[in-house]
Amino acid sequence: MSKQILIMGHKSPDTDSICAALAYAELKKISGISAKAIRLGKINKETRFILDYFKVTEPEFMNEIMGSQSVNENPDVILVDHNERTQTIDGIDNANIIEVVDHHRVVFSTANPLYYRAEPVGSTSTIIAKLYKEKNVVPTREMAGLMLSAILSDTVIFKSPTCTEEDKIIAKELEKIAGVSIDVYGKDMIIAGASIEGENLIDVVKTDIKLFEFGRKKVLVSQVTTAGVTKLLENKKEIQEVLGKIIKEENADSIVLMLTDIVLSGSELLFVGKYSIDIAKGFDTPTGQDSVFLPDVLSRKKQIIPKLTEILSEV
Ligand SMILES: [Mn+2]
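Residues numbered from 1 in each chain as written. Predicted model: local features only at pLDDT ≥ 70, side-chain atom pairs only at ≥ 80, totals over all residues. Heavy atoms only, no water.

**Q** When you look at the overall build of the chain in this model, what are you seeing that I'm missing?
**A** Within the chain, the secondary structure is distributed over eleven helices and eleven strands. Taking 315 residues into account, the globule formula puts the C-alpha radius of gyration at 20 Å, and the chain, at 21 Å, falls close to it. Along the first, second and third principal axes, the C-alpha atoms of the chain reach 70 × 45 × 35 Å. A separation of at least 24 residues holds for 64% of the contacts in the chain among residues at least 6 apart in sequence. (Helix = DSSP H or I, 4+ residues; strand = E, 2+ residues; numbered from the N terminus. Rg over C-alpha atoms; globule rule 2.2 N^0.38 Å. Contact = heavy atoms within 4.5 Å.)

**Q** I keep staring at the coordination of the manganese ion and nothing clicks. Help me out?
**A** Ideal geometry at a metal gives 109.5 degrees between four tetrahedral donors and either 90 or 180 degrees between six octahedral ones. Of the protein atoms, only Asp-16 (OD), Asp-81 (OD), His-103 (NE2) and Asp-154 (OD) coordinate the manganese ion, at distances of 2.2 to 2.3 Å. Every donor residue of the manganese ion comes from the same chain, spaced as D-x64-D-x21-H-x50-D. Of this pair, Asp-16 sits in helix α1 (residues 15-30) while His-103 sits in the loop between β5 (96-102) and β6 (115-118); the two residues are 87 residues apart in sequence, bridging distant segments of the chain. Judged by its relative accessible area of 16%, His-103 is buried. (Donors = N, O, S within 2.8 Å, 3.2 Å for Na, K, Ca; no water. Buried < 20%, exposed > 50% of the residue type's maximum accessible area, 1.4 Å probe, protein only.)

**Q** Could you clarify how one ought to interpret the domain arrangement of the chain in this entry?
**A** Interface size, as often reported, equals the accessible area lost upon joining of the parts. Segmentation of the chain into domains returns domain 1 (5-193) and domain 2 (201-313). When each unit is reduced to the centre of its C-alpha atoms, the spacing between domain 1 and domain 2 is 32 Å. Listed per partner, the contact involves seven residues of domain 1 and eight residues of domain 2. Note on domain 1 versus domain 2: buried area summed over both sides is about 600 Å², and carbon and sulfur give 78% of it. Together, Lys-159, Lys-187 and Ile-190 form the three largest contributors to the area buried by domain 1 at its contact with domain 2, with a combined 61%. At the junction of domain 1 and domain 2, the tally comes to zero salt bridges. At the junction of domain 1 and domain 2, the tally comes to zero residue pairs in polar contact (both at pLDDT 80 or more). Each residue belonging to the side of domain 1 that touches domain 2 can be placed in one class, and the counts come to five nonpolar, no polar and two charged. (Domains from an automatic or database assignment. Buried area = accessible area lost by both parts, 1.4 Å probe. Salt bridge = Lys/Arg side-chain N within 4 Å of Asp/Glu carboxyl O. Polar contact = N/O pair within 3.5 Å; in protein donor to acceptor, adjacent residues only side chain to side chain. Nonpolar A, V, L, I, M, F, W, Y, C, P; charged D, E, K, R; others polar.)

**Q** Looking at this structure, I do not really get the packing of aromatic side chains. What am I missing?
**A** Aromatic ring pairs are reported here in terms of the distance separating the ring centres and the angle at which the planes meet. Enumeration according to the criterion identifies eight aromatic pairs in this entry. Here Phe-108 and Tyr-116 contribute two aromatic rings whose centre-to-centre distance is 6.0 Å and whose plane-to-plane angle is 50°, an arrangement assigned as tilted. Residue Phe-108 is classed as buried on the basis of its relative accessible area of 18%. A residue is classified by how much of its surface remains accessible, and Tyr-116, at 29% relative accessible area, is partly exposed. Over the face of the ring belonging to Tyr-275 we find Lys-217, whose NZ or CZ atom lies 5.8 Å from the ring centre. (Phe/Tyr/Trp six-rings, centres within 6.5 Å; stacked < 30°, edge-to-face > 60°. Lys NZ or Arg CZ within 6 Å of the ring centre and 35° of its normal.)

This is how it looks when you write it as structure tokens:
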């Protein structure tokens, strides 16, 4: 009997990491290969919504692969949605990596030959969906729903600059099988993921935060993707207090929070800290307001950082 293959995404799993692993394990099983999906961390809110919606059980948790008596007993593993050792399971050297399916830069080397599938598309699940087609297997409604969700999540419903034409075509095909509407379901999914109900605000702001140095000025820029910026702003005072705390914790001068609303297609910017008056002015915040909504601003890298560089060089 052949060993059961373990299929896993990265640590701190996002939707793509979980859904790609589940959908690929299913395809292997259909092909007569024993396989099961594994997760290396807690399921996030968005993924929880998806699994509940399509009534799919979450993958089994595993945090380490223990060494075995002989190399022959080492488990066979497939890595999806990652290929960096720092992002994978502890004890990876006690496993045989037999295959990788990924859409990130490649920083990987192995002792043994393996199957390696890398494509610069918006999500790993796009590639998994292509593998189904190549094997002439139509995914179940559940697996189509999972793969569609992962594409919508990784590409922020096709709005991310990482989204390709192929992601859109595959998503449309999966939409039919899954029996959902991309527009309606996608927004519900993002709202579920962005819900901060019952969650620690500090954790929400710190999920996607980066520190930038503009000369000697240290500015944190955090991005929170949501479909309900208006609702989030009901807690503006609380958010500002949290931003103040984070500045201290991270030893920064200022913080800019981008509340990116995918429905309104723009970002509300909040500023707290030392240079906040200048930053607010630089982003054309009306006098007397402590935040501003910028239509069509979705990218921190392409739209916020260059502007901050300009503003802070003059302060
Ligand atoms: Mn991904």
